[in-house]
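Working through the structure, step by step
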Amino acid sequence: METELMRIGVSLPDTLLSKFDEIVEKRGYSSRSEGMRDAIRSYISHYEWINDVKGDRIGTIAVIYDNTKKGLSNILTNIQHNYSHLIRSSVHVYLDRENCFELIFINGKGEDIAELAESIIALKGVKFSKLTTISLNK
């Protein structure tokens, strides 16, 4: 069965597009569109995985964010306070003048952990966020 292709427009900063183009070339994609389709499939798969995190879990959320983005640090702090029942500890590292790295150690219900991770990754100015968990089931 053939799927109808839809055209969309995407605005990206030059640096991000340049990095993407390098990956497209290195991976041997036939076009940017093919690379974009693969990236979107990966994004959907990751989203579905996060929403399937269930039961008692331990893990980490790694976050790199733009420290110069006005108010972002306060928003991240407020989110962490709202989920303090999950957070056991966190480490904050200044990477450079603009970028901060935070590693958040978590323990709790998978559904709550996924909600916390999703609330962080959705913030404008968050450049990278990665949830890693394992089950506590014995």
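These numbers come from a predicted model, not from an experiment.

1. Re helix α1 (residues 14-27)
Side chains that are three or four residues apart share a direction in an α-helix, a result of its 3.6 residues per turn. For α1, which comprises 14 residues, the first-to-last C-alpha distance of 20 Å matches the rise-based estimate of 20 Å (1.5 Å per residue) to within 8%. At the exit of α1 stands G28, carrying a positive phi of roughly 80°.

2. Focus: helix α3 (residues 72-82)
By the burial criterion, the buried members of α3 are L72, L76, I79 and Q80. Looking straight down α3, one finds that the buried residues subtend no more than 100° of arc, so they occupy a single side. Exposed and oriented more than 90 degrees from the buried face of α3 are N74, H81 and N82. Looking at the buried residues of α3, the elements they touch are β1 (56-66), β2 (87-94), β3 (99-109), α4 (110-121) and β4 (126-135).

3. Here we look at the pattern of salt bridges
According to the stated counting rule, one finds 5 salt bridges in the structure shown. In this structure, the salt-bridge partner of R32 is D21, at a minimum N-O distance of 2.7 Å. On the criterion of sequence distance, the pair formed by R32 in helix α2 (residues 32-50) and D21 in helix α1 is long-range, its members being 11 residues apart. A residue is classified by how much of its surface remains accessible, and R32, at 45% relative accessible area, is partly exposed. The class for D21 is partly exposed, based on a relative accessible area of 26%. Through salt bridges that share partners, R27, E34, R37, D38 and R41 make up one connected network.

What counts and how
Residues numbered from 1 in each chain as written. Predicted model: local features only at pLDDT ≥ 70, side-chain atom pairs only at ≥ 80, totals over all residues. Heavy atoms only, no water. Helix = DSSP H or I, 4+ residues; strand = E, 2+ residues; numbered from the N terminus. Expected span 1.5 Å × (residues − 1). Buried < 20%, exposed > 50% of the residue type's maximum accessible area, 1.4 Å probe, protein only. Arc of directions from axis to C-beta. Contact = heavy atoms within 4.5 Å. Salt bridge = Lys/Arg side-chain N within 4 Å of Asp/Glu carboxyl O.

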